[in-house]
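Listed below, chain by chain, are the residues.
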Amino acid sequence: LSNASDTLEVNLEEIGISRFFDPIENSHPICAHKPDEQANKIALESLDVPPEEVYFKDDRDGNIAAAASLGIHCHHFTGISHLREDLERLAILSD
């Protein structure tokens, strides 16, 4: 879920990482923005998995609180090393 512009999908494709994001939920076309609850609910519906199976990282407390209120596992992004540690701890990423 991103509050990016309407070019997010194209930008991810151009830098070769769009394949890592399925689905891509961009606030622009869904007309709902983080931290609105509706944006998170749309993302959850699109993923079709329970909230506890979703990993959400963001650098804004309000966005994290909104996602966490729905039962989504959240990480407050402060840098790559802490993100890597969290992903490894949860066995999402391995060495």
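Residues numbered from 1 in each chain as written. Predicted model: local features only at pLDDT ≥ 70, side-chain atom pairs only at ≥ 80, totals over all residues. Heavy atoms only, no water.

1. Remarks on the pattern of salt bridges
One pass over the structure, following the stated rule, counts four salt bridges. Close ionic contact of E37 with K41 constitutes a salt bridge, the shortest N to O distance being 2.8 Å. Within this pair, E37 and its partner K41 are both found in helix α3 (residues 37-47), separated by four residues, close to a single helical turn. For E88, the salt bridge is made with R84, and the minimal N-O distance between the two is 3.9 Å. Here the residue E88 and the residue R84 both occupy positions in helix α5 (residues 80-89), the gap between them amounting to four residues, near one helical turn. The class for E88 is partly exposed, based on a relative accessible area of 30%. Residue classification places R84 among the partly exposed positions, given a relative accessible area of 43%. (Salt bridge = Lys/Arg side-chain N within 4 Å of Asp/Glu carboxyl O. Helix = DSSP H or I, 4+ residues; strand = E, 2+ residues; numbered from the N terminus. Buried < 20%, exposed > 50% of the residue type's maximum accessible area, 1.4 Å probe, protein only.)

2. Observations concerning helix α4 (residues 61-68)
All of the buried residues in α4 are N63, I64, A66 and A67. All buried residues of α4 lie within an arc of 165 degrees about the axis, which places them on one face of the element. The secondary structure elements touched by the buried residues of α4 are α3, β1 (55-58) and β2 (73-76). (Arc of directions from axis to C-beta. Contact = heavy atoms within 4.5 Å.)

3. Comments concerning the nonpolar core
By size, the foremost hydrophobic cluster in this structure holds six residues: L44, V54, F56, I64, A67 and I72. In this view, I64 contacts F56, D58, C74, H75 and H76; residues no more than four positions away in its chain are not counted. (Core = buried A, V, L, I, M, F, W, Y, C linked by side-chain atoms within 4.5 Å.)

4. Notes on the packing of aromatic side chains
Here the structure, examined in full by the defined rule, presents zero aromatic pairs. The ring of F77 carries the charged tip of K57 above its face, separated from the ring centre by 5.1 Å. (Phe/Tyr/Trp six-rings, centres within 6.5 Å; stacked < 30°, edge-to-face > 60°. Lys NZ or Arg CZ within 6 Å of the ring centre and 35° of its normal.)

5. Focus on the confidence of the model for the chain
When pLDDT is averaged along the chain, the result is 91; 99% of the residues meet or exceed 70. Across the chain, the element-wise mean pLDDT spans from 86 in helix α2 (residues 27-30) up to 96 in α4. (pLDDT = per-residue confidence, 0-100.)

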